[in-house]
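The chain contents come next:
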Amino acid sequence: MAYVSLYRKWRPRLFSDVVGQQHVVRTLSNALGEGRIAHAYLFTGPRGTGKTTVARLLAKGLNCVNGPTAEPCGQCPSCTRIAEGMAMDVVEIDGASNRGIDEMREIRERVRYAPTEGKYKIYIIDEVHMLTNEAFNALLKVLEEPPAHVVFVFATTEPHKIPATVASRCQRFDFRRLGSADAIGRLKHVAAAEGIDVTDDALALIARYADGSLRDGLGILDQARAYADQVTADVVADVLGVVPLAQVQRFADVLAAGDTAQGLALVRELQEAGRDLRQFLKDAARYLRDVLLLGAGDETAGAALSEEDRAVLERHARELEPDLILEAIQALGAADGDMRWAVRSSLPVEMAVIRLTRAGGRAEGADGAATAPAGGAAAAGGDAADTAALLARIERLEQLVAQLAGGAAAGPAASGGGPTEPRDAAVAKPSVAPAAGPPAQAGTEAALAAGDRLAAVLAHWDTLHRTLRERRHLEVQAFLREGRPVAVRGDAVVIEFPPHRGFHRSSLDTEANRRILEDILKPLLGWDVRVTTTLAGEEEAGTGTAPAAAAPSSAAPAARRARGSGDGAVSQGPAPGREGGRAAQAAAPPDDPVQHPAVQEALRVFGGKIIGVERRDA
Amino acid sequence: MSGTMADLKRMLAAGPPAGLHLLLGDDELARDEACRLIEKAVLEAEGGGDRMVVYGDEAEPDEIAVAAGTGSLFGFRRLVMVRRFDAMPAAAQERLLPVLTDLPAGVTVVLLAKSLDKRMKAAKALLAAARVWEFSLPQPAQLPAWVAQRAAELGVRLQGDAARTLIDMVGTSPLALQTELEKLALYAAGRPVTAEAVRDAASVAIPHAAELAVFQMAEAVAEGRTKEALSILRDLLAVGEYPLVILSLIGRQYRLILTACGLPAGASPAALARALGIPQAPARRVAAQARALGAEGAALGLRRVLEADMAIKKGLEPRLVLETLVVALSAMNKHAMGKY
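Residues numbered from 1 in each chain as written. Chains lettered and ligands numbered in written order. Predicted model: local features only at pLDDT ≥ 70, side-chain atom pairs only at ≥ 80, totals over all residues. Heavy atoms only, no water.

Participant: When you look at helix H10 (residues 214–227) of chain A in this model, what are you seeing that I'm missing?
Facilitator: An α-helical turn contains 3.6 residues, so any two residues separated by three or four positions project in the same direction. Residues and elements named next belong to chain A. Taking 1.5 Å per residue, 14 residues should reach 20 Å; H10 reaches 20 Å between its end C-alpha atoms and fits that length. Among the residues making up H10, those that are buried are Leu214, Gly217, Leu218, Ile220, Leu221, Asp222 and Ala224. Taken together, the buried residues of H10 touch helix H1 (6–9), helix H8 (180–194), strand E6 (197–198), helix H9 (200–210), strand E7 (230–231) and helix H11 (233–240). (Helix = DSSP H or I, 4+ residues; strand = E, 2+ residues; numbered from the N terminus. Expected span 1.5 Å × (residues − 1). Buried < 20%, exposed > 50% of the residue type's maximum accessible area, 1.4 Å probe, protein only. Contact = heavy atoms within 4.5 Å.)

Have a look at this one:
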């Protein structure tokens, strides 16, 4: 026997089978029961909500041997022929392909003739909004003088395209999208009857993506059961090509924690798992929408989620500020658009992640449109420059992340991180480590800038080695192999060697060798690089008490909000391990204010020169 | 001199109508009902008769002239109805004048039109020769009573604000109101009909739907009632309303608010209505929103709408954009209302 898809097999045969359209079913049932039949009905509503199905049920009710009746028998020749689509008196017309005046004139001619089998001749015109104006005009004439034995049922997804003159002569029924509970209930019923092993969260996911269309929901269930014996949420996600909810929840966690490294790692994992990043952007935006709506008091938000996932949604609604969510939704949308043009499709996503998790997208103008002044040409120019800078930064960070993930399993993330400590926390830490001296805000910014520069150096470290090899500076490369960059002070890249590699350090640290390194690094980094070296012991002194940068923890959202509000209070948690401490040390402002990282960064960004230093005592 | 529906009923009570009748006016429902009354009177009168319906925009004058110029073959009377007579070219109307102004006994001709151009020769002659029945739309103030009366005739017991709610949803077209009342009668099946039942079962008039609902939504947004605004938005989307239509109407609302911001503080409701181009009641509400938001707030709202427009056109999911827009505007306005 030929396979029949679920949605066809489970198409309602009785009015009582129709789900989620009680207002329609009740009125039509009463009309059939009382024999008060209108000569024209207009069924409007989104696709898959039951318009054509109810039209056929109405036809059955009218032409059943017991009819007009609200409960057609389903057994009589008329009912069975209608169910098979073979009834002479039920004419189904596709308005999209029979849209001209000639077709309507033909109908005007035909309606004069009495029905051949039943009591009524029923014309069901689907997609009626596709008719031409002339065709509507012809149709209107039939509606103005309808023969008593004719009933028209017009179905449309776009009621506003129906001329008011036609619509006002029809009894109109608005079909609504199915609510989650109704959709899940019906899907569960069908799954049980069909013996499909399906989990509740899978049903919830199906209902969510069916978006109120039961036909679509049954279609997804049909595909999923062909995919695996047990239909789980992961199976449904695979069928739909969507990102599993857990990943989206993790993204919300990343936002709440302001954890750039984790965010970038998530993007990388999604790519490695072959997930469509554009779909991820859409899913993440939808999820954040639910968080936003729930936070705004809309209890229906996320109604299709399981209890456990709903609890997570509620937690996110508590943790995430509405402004950040709005900003995130905009940034994700913008990233989606940018992906079409980006050379590397992941770049816009990573850029969005960085914008949203770092100093707060709003402060950085990440949401451009949202925060830019209305007249925005200048803002647009600023955005473009900002975008270019961010792209460059992302490129560097991406390489850094890859490098760290690959080799620098550089030891477990120091102390205090716990299981949620980002794997590449060493990257994140320097970038947000607070400065020791006043003013706190400037110090934080400086630390951020220094962290960026260090990240850039790390990102180009492999290139440096490769270039040394290519230029046959093999000896320099051999010495350099024992050291690694640990900080950037002003323009100076600090290369640290282990205590027992003093020979390598002193061998490398000659004017000629430094120049070789600087000549390679300058074009890569884009600033006037100087190279300095140090032994690990020298740098360790006095670094043990510096606070660590923000790491994901339950307090992280508060910290993020504080950061967003500009007080720079990002430090928390236990004392750092070696990496964090070193980074903090590197970022600490030197005694000479001219060498202060913030001053150096300001010079780099804005140009100009220092014409004097004025001290102000507190 | 034209007659009313009551006059027509009185005339028909005296016997089947004869001669030329001109049914004019914007009230399609009343014209149709008058037509049916005449038809019934003619065809059900002793001896019976036949009926012919033609349309002014497609019938040849000769076809009408032949039908109107000869008596019935099957009975004592003949009824010729010409719908959309005003769509017939003036020259064709003139050609019919000799027949229409001198109908044979037993022939009734009914011409239906919204209006006739009284400057034209044919119109002048017809208005002079015919019994004219004019059906204008009820005045807005008369509508609630009209709805209540029609509901009673259908056995519908409207309660509380049900009539007002129905008019708000359906608009002022008697034909649309009657259709919805017939549906409500079936929905209620003898039970009293409350405003809530009307909202559940009645269909908002298509050209009117988004406008009305968006106005309500904009009000909820303006007063920081996020939940309600989201609920209305969801209803609109649930019935398949176009997101860009909704968005454009939200934008319109903010333009109205911005316009109201520029009007003098003590402007009368009539002056407000004139300036805004909307009726007085909504104009007053717009003025209140303008006071709460201020020009700056309204401009910001308009900018948010523009951003949402761009976001949709750039491919962001429209539903998501609209929902976030509503939350953003609502949050902004809640703050403004607090200040106000």
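Participant: Hey, could you run me through the nonpolar core in this one?
Facilitator: A general feature of soluble globular proteins is that nonpolar side chains tend to end up buried together. Counting residues in hydrophobic clusters, the biggest one holds 81 residues, and the most contacted among them are Phe251, Phe280, Leu288 and Leu320 of chain A together with Met217, Ile246 and Ile250 of chain B. It is helix H14 (residues 277–295) of chain A that contributes the most residues to this core, 11 residues altogether. The contacts of isoleucine 246 of chain B, once residues within four sequence positions are left out, are Val214, Met217, Leu233, Leu236, Leu237, Glu241 and Leu322 of chain B. (Core = buried A, V, L, I, M, F, W, Y, C linked by side-chain atoms within 4.5 Å.)

Participant: What should I look at first to understand the packing of H14 of chain A against helix H15 (residues 307–319) of chain A in this one?
Facilitator: Working note: a packed helix pair is described by the angle between its axes plus the distance between those axes. All names here are of chain A. Remark: H14 packs on H15, axes separated minimally by 9 Å, with the N-to-C direction vectors making an angle of 70 degrees. Comparing their axes, H15 and H14 come out roughly perpendicular. Pair H14 / H15 crosses with right-handed handedness. Across from Tyr287, Asp290, Val291, Leu294 and Gly295 in H14, the residues of H15 making contact are Arg310, Val312, Leu313, Glu314, His316 and Ala317. Taken together, the residues that form the contact of H14 with H15 break down as six nonpolar, two polar and three charged. (Axes fitted to C-alpha atoms, helices over the stretch in contact; angles between N-to-C directions. Parallel < 35°, antiparallel > 145°, perpendicular 65-115°, else oblique. Left-handed = near helix turned anticlockwise from the far one by under 90°. Nonpolar A, V, L, I, M, F, W, Y, C, P; charged D, E, K, R; others polar.)

Participant: Help me understand the pairing of strand E8 (residues 484–489) of chain A in this model?
Facilitator: Working note: regular strand, side chains alternate between the two faces of the sheet. Residue and element names in this part refer to chain A. In this sheet, strand E9 (residues 492–497) lies alongside E8 in antiparallel orientation, the contact comprising five bridges. In the strand pairing of E9, arginine 484 is matched with glutamate 496. Taking the residues that link successive antiparallel strands as the turn, the E8-E9 hairpin has two residues, and the phi of glycine 490 there is positive, at about 60 degrees. (Pairing = 2+ DSSP bridges.)

Participant: How should the interface of chain A and chain B be read in this particular structure?
Facilitator: Quite often, the size of an interface is put as the accessible area lost when its parts meet. In this complex, chain A contributes 51 residues to the contact, which on the side of chain B involves 51 residues. Together, Arg26, Glu145 and Arg172 of chain A form the three largest contributors to the area buried by chain A at its contact with chain B, with a combined 14%. Of the charged contacts in the structure, one is a salt bridge between arginine 234 of chain B and aspartate 298 of chain A, with a shortest N-O distance of 2.7 Å. Counting across the interface, chain A meets chain B through 18 residue pairs in polar contact (both at pLDDT 80 or more). Elements that contribute at least two residues to the side of chain A that touches chain B include exactly helix H2 (22–34), helix H6 (133–144), strand E5 (171–174), H14 and helix H16 (322–339) of chain A. A total of six residues in the side of chain A that touches chain B trace back to one element, the largest contributor, which is H2 of chain A. A breakdown of the residues in the side of chain A that touches chain B according to their chemical character gives 20 nonpolar, 13 polar and 18 charged. (Buried area = accessible area lost by both parts, 1.4 Å probe. Salt bridge = Lys/Arg side-chain N within 4 Å of Asp/Glu carboxyl O. Polar contact = N/O pair within 3.5 Å; in protein donor to acceptor, adjacent residues only side chain to side chain.)

Geometric descriptors of this kind do not, in isolation, establish any biological role.
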